[in-house]
Amino acid sequence: MTIAVIDYGMGNLHSVAKALEHVTHEHVVITRDPRRIQGATRLVLPGQGAIRDCMGELERTELRGLVQELLASQSKPLLGICVGQQMLLDHSEESGGIPCLGFLSGKVKRFPVDMVDDHGQRLKVPHMGWNLVHQHHEHPLWEGIDQDEHFYFVHSYYVAAEDDACVLGTTRYGRIEAHVAVGRDATFAVQFHPEKSSRAGLKLLENFVNWAP
């Protein structure tokens, strides 16, 4: 088995790779070589920062078409992380509107600047730190992870998927329910950072390594 972390110049590539190496003896590579990506048995699509930059770098490295082809074929498991989750949707509100990969129907929305909690207290944007994740549907990647377990987040935009069947996990921030885990077939994607989420994050990565969709 080879796990390829797709290197298009964005995301915590080395942190993700090291976390994967911690949970498996399988070969983990960071690569932008299309042949190595196509030859891998599992793929990780990371992302960090502005989605405009992530989509731009995916184009610049000539990997967008390959990623879309792999998503369409669902021939091997793929894990999206952070902006790697957001890119799977149709469209993002960031920077006045950014077309994304369109694998899942829905939008990426910005948290309002006037966010408040249930007690009327102002909340910070970006949403940063630990928050619980409610498992909206059962999935093999949740195996061994408690319901409402905490994961680590850093984001100002959140996914709002259209198809409930694709919503696998949610987080409540203020009065907004964000779809922080989504997926279909052989693709699973999360807004939080499993590589920074202690035991629960490592367990999710271990489940991904062992997943046989």
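From a predicted model like this one, the values you see are computed outputs, not experimental measurements.

1. Regarding the overall build of the protein
Counting its secondary structure elements, the protein contains 6 helices and 13 strands. In terms of overall dimensions, the protein is globule-like: its C-alpha atoms have a radius of gyration of 16 Å, near the 17 Å expected for 213 residues. The principal-axis extents of the C-alpha atoms in the protein amount to approximately 50 × 40 × 30 Å. The buried share of the protein, reckoned over its 213 residues, is 54%. A fraction of 68% describes how many contacts in the protein between residues 6 or more apart in sequence connect residues 24 or more apart. When the accessible area of the protein is evaluated, it comes to approximately 9600 Å², of which 46% is carbon and sulfur surface.

2. As for the sheet that holds strand S10 (residues 157-161)
Pairing within the open sheet is mixed, and its 4 strands lie in the order S6-S5-S7-S10. In the strand order of this sheet, the two ends are held by strand S6 (98-99) and S10, each with one partner. As judged from the 2 bridges shared by strand S5 (residues 91-92) and S6, these two strands associate in the antiparallel manner. Each residue of the ladder has a partner; that of His91, found in S6, is Pro99.

3. Things to note about the sheet that holds strand S3 (residues 42-45)
What the 9 strands build is an open sheet, ordered S2-S1-S3-S4-S13-S12-S11-S8-S9; its pairing is mixed. With one partner strand each, in any of the chains shown, strand S2 (27-31) and strand S9 (149-155) form the two edges of the open sheet. The sheet shows a mean angle of 25° between the axes of neighbouring strands, direction not considered.

4. Digging into the UniProt feature "active site" (unreviewed entry) in the protein
UniProt records the feature "active site" (unreviewed entry) at Cys82, His193 and Glu195, using the numbering of this structure. Of the residues just listed, which span 114 residues, no C-alpha pair is farther apart than 10.9 Å, and they cluster in one region. Mapped onto the fold, Cys82 is located in the loop between strand S4 (78-81) and helix H5 (83-86). The class for Cys82 is buried, based on a relative accessible area of 4%. When residues no more than four places from it in sequence are discounted, the contact partners of Cys82 are Gly47, Val154, Val190, Gln191, Phe192 and His193. Within the fold, Glu195 resides in the loop between strand S13 (187-190) and helix H6 (198-210). Setting aside residues up to four positions removed in sequence, Glu195 forms contacts with Asn12, Ser15, Val16, Ala19 and Ile81. Among the polar contacts made by the side chain of Glu195, one reaches the side chain of His193 at a distance of 2.8 Å.

5. Observations concerning the environment of Glu149
Residue position: Glu149 is located in strand S9. Taking C-alpha positions, Glu149 is 9.7 Å from Trp130, a pair spaced 19 residues apart along the chain. Residue contacts for Glu149: discarding those within four places in its chain leaves Asn131, Leu132, Val133, Arg199 and Ala200.

6. A word on the pairing of S3
Taking every second residue as pointing to the same face, both faces of S3 are buried, with Arg42 and Val44 on one and Leu43 and Leu45 on the other. Note: strand S1 (residues 2-6) against S3, 3 bridges, orientation parallel. If you follow Ala4 over to S3, its bridge partner there is Leu43. Strand direction decides the pairing type here: S3 and S4, joined by 3 bridges, are parallel. Bridging across to S4, Leu45 finds its partner in Gly80.

The rules behind each value
Sequence order sets the numbering: in each chain, residues are counted from 1 along the sequence as written. With pLDDT at 70 or above as the cut-off, local features in this predicted model cover only qualifying residues; side-chain atom pairs require 80 or more to be listed or tallied, and sums for whole chains, interfaces and linings still use all residues. Side-chain measures were taken over the full set of non-hydrogen atoms in the model, leaving aside hydrogen atoms and water. Helix and strand definitions follow DSSP, with helices as H or I runs of at least four residues and strands as E runs of at least two, each counted in order from the N terminus. Each radius of gyration reported is based on C-alpha atoms, and the globular scaling rule is 2.2 Å times the count of residues to the power 0.38. Note on exposure labels: buried denotes an accessible area under 20% of the residue type's maximum, exposed denotes more than 50%, and partly exposed covers the range between, all computed with a 1.4 Å probe on protein chains only. By the convention used here, residues are in contact when the closest approach between their heavy atoms is within 4.5 Å. Only the protein chains shown count as cover for residues, and all accessible areas are computed by the Shrake-Rupley method using a 1.4 Å probe. Should DSSP find at least two bridges between two strands, the strands are regarded as paired. As a rule, the C-alpha atoms of each element are fitted with a line to give its axis, helices using only the stretch in contact, and angles between N-to-C directions run from 0 to 180 degrees. UniProt positions are given in the numbering used here, feature names are shortened, and annotations may be inferred rather than shown by experiment. N or O atoms within 3.5 Å of each other form a polar contact, as long as, within protein, one can give a hydrogen and the other can take it, and as long as residues adjacent in sequence are counted only when both atoms are side-chain atoms.

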